[in-house]
Amino acid sequence: NLKTGAEPVEYYHHSDLGIGRHVSIHGRRLLLCDADGFTRNFYGIELEEPIQYRMDKVPSAPRSLPPHNDLGMAEDALQNCKSLIPKPVQKDFMKFFEKDRQGLESHVLRFLAQLDTKLPIDKDRRFVVSVHLSDDTVGVYEPPQRNSGIIGGTFLTRGRVVK
């Protein structure tokens, strides 16, 4: 044997197990309290009566959700807190089908807006705020204005906006 000086390793065998015996698993002692029907039939002899064990109800601490950190949508962050494997947020499909674009009729509310500022360079900036009724998202677009020095385009990408 090449493992000279090595201590022999002992493993648990089914003869070591029984109701009322202790088993050491990962450094913790477990008391075997009961066995199922198959295990009782396997041993072929009548095992000891099950040991009544008490499971104290430990009051669980109320879960508090952390504040949203503005990365992604708040609903997605909430799903990450609820489960280890998060499920996608369920969308309201009935509302989507009712309020989605139907032919030339779109269910989008559009508002013209301007910045509420005292800066003279920003006073003339105009925005189009679009509210999509199908999924309650908001998008803000700034139309380009010639010779203003500000490049127009998407000011806020379409998404859900917190009040």
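For the structure itself, consult the block above.
Visitor: Whenever I open this one, the overall build of the protein confuses me. Can you help?
Guide: Counting secondary structure elements, the protein contains three helices and six strands. Its helices and strands in sequence order give the protein the pattern β-β-α-α-α-β-β-β-β, from N to C terminus. Dimensions of the protein, computed from the C-alpha atoms along their principal axes, are close to 90 × 50 × 35 Å. Counting only residues that meet the buried cut, the protein has 13% of its 163 residues in that class. Total accessible area computed for the protein in this model is approximately 15000 Å², and 57% of it derives from carbon and sulfur atoms. Once the 23 positive and 22 negative side-chain charges of the protein are each reduced to a mean point, those two points are 8 Å apart.

Visitor: In this structure, what is going on with the side chain of R125? I would like to understand it.
Guide: In this structure, R125 sits in the loop between β3 (108-114) and β4 (126-132). At 2.9 Å, the side chain of R125 forms a polar contact with the side chain of E142. Residues within four places of R125 in sequence aside, it is in contact with A113, Q114, L115, E142, Q145, I150 and F155.

Visitor: Is there a simple way to think about the environment of E10 in this case?
Guide: By secondary structure assignment, the location of E10 is in the segment before β1 (22-25). Sequence spacing of E10 and L30 is 20 residues, and the spatial spacing of their C-alpha atoms is 18 Å.

Visitor: Got a minute to help me understand the packing of aromatic side chains in this structure?
Guide: Pairs of aromatic rings are described using the distance from one ring centre to the other and the angle between the two planes. Going through the model one piece at a time under the given rule, you end up with one aromatic pair. With a centroid separation of 4.7 Å and an interplanar angle of 55 degrees, the aromatic rings of F127 and F155 are classed as tilted. Of this pair, F127 sits in strand β4 while F155 sits in strand β6 (residues 153-159), and the two are 28 residues apart along the sequence. Given a relative accessible area of 47%, F155 falls into the partly exposed group.

Visitor: Would you take a moment to explain the pattern of salt bridges for this structure?
Guide: Proximity of charged atoms lets side chains of opposite charge pair with each other. Here the structure, examined in full by the defined rule, presents three salt bridges. D122 is the partner of R125 in a salt bridge, and the nearest nitrogen-oxygen pair spans 3.4 Å. Taking the relative accessible area as the measure of exposure, D122 reaches 16% and is therefore buried. E142 is the partner of R125 in a salt bridge, and the nearest nitrogen-oxygen pair spans 2.9 Å. You can see R125 sitting in the loop between β3 and β4 and its partner E142 sitting in strand β5 (residues 137-142), a full 17 residues away along the chain. Here R125 and E142 have matching classes, each one buried. Linked by salt bridges that have partners in common, D122, R125 and E142 make up one network.

Visitor: Quick question: what am I supposed to make of the pairing of strand β2 (residues 28-31) here?
Guide: The side chains of a regular strand alternate, first on one face of the sheet and then on the other. Pairing geometry for β1 and β2, over four bridges, is antiparallel. If you follow S24 over to β2, its bridge partner there is R29. In sequence, β1 turns back onto β2 through a hairpin of two residues, with H26 there showing a positive phi of about 50 degrees.

Visitor: Just to check I follow, could you spell out the sheet that holds β6 for this structure?
Guide: Sheets are built from strands that pair by backbone hydrogen bonding, the pairs being arranged parallel or antiparallel. The sheet built from four strands is open, its strands ordered β3-β4-β5-β6 with antiparallel pairing. In this open sheet, the two strands that pair with only one neighbour each are β3 and β6. Between one strand and the next, the sheet's axes are offset by a mean angle of 15 degrees, whatever the strand orientation. Sheet analysis places β5 next to β6, joined by four bridges and oriented antiparallel. Across the sheet, residue V140 finds its bridge partner in β6, namely L156.

Rules of the game
Throughout this document, residue positions are counted from 1 along each chain, in the order its sequence is written. This being a predicted model, a pLDDT of at least 70 is required before a residue's local features are given, and a value of 80 or more before pairs of side-chain atoms are given or counted; all residues contribute to the totals for chains, interfaces and linings. Note that the side-chain values use all heavy atoms of the structure and ignore hydrogens as well as water. Each helix is a run of DSSP H or I of at least 4 residues and each strand a run of E of at least 2, with the numbering of both proceeding from the N terminus. Whether a residue is buried, partly exposed or exposed follows from its accessible area with a 1.4 Å probe, protein chains only, as a fraction of its type maximum: under 20%, in between, or over 50%, in that order. In these tables, accessible area is a Shrake-Rupley quantity obtained with a 1.4 Å probe, and a residue counts as shielded only by the protein chains included in the view. The charge count treats Lys and Arg as positive and Asp and Glu as negative. His and the chain ends do not count. Each charge is placed at NZ for Lys, CZ for Arg, CG for Asp and CD for Glu. A 3.5 Å cut-off defines polar contacts: any pair of N or O atoms within that distance qualifies, except that in protein one atom must be a possible hydrogen donor and the other a possible acceptor, and neighbouring residues in sequence count only when both atoms are side-chain atoms. When checking whether two residues touch, look at their non-hydrogen atoms; a contact exists if any pair is within 4.5 Å. Here is the rule: rings of Phe, Tyr and Trp (six-membered ring for Trp) pair when centre to centre is within 6.5 Å. Planes less than 30 degrees apart are stacked, more than 60 are edge-to-face, and the remainder are tilted. A carboxyl oxygen of Asp or Glu within 4 Å of a side-chain nitrogen of Lys or Arg is what we treat as a salt bridge. Being paired, for any two strands, means DSSP has found at least two bridges between them. Note on geometry: axes are lines fitted to C-alpha atoms, helical ones only across the stretch in contact, with angles between N-to-C directions running from 0 to 180 degrees.

What is shown is where atoms sit, not what they do.
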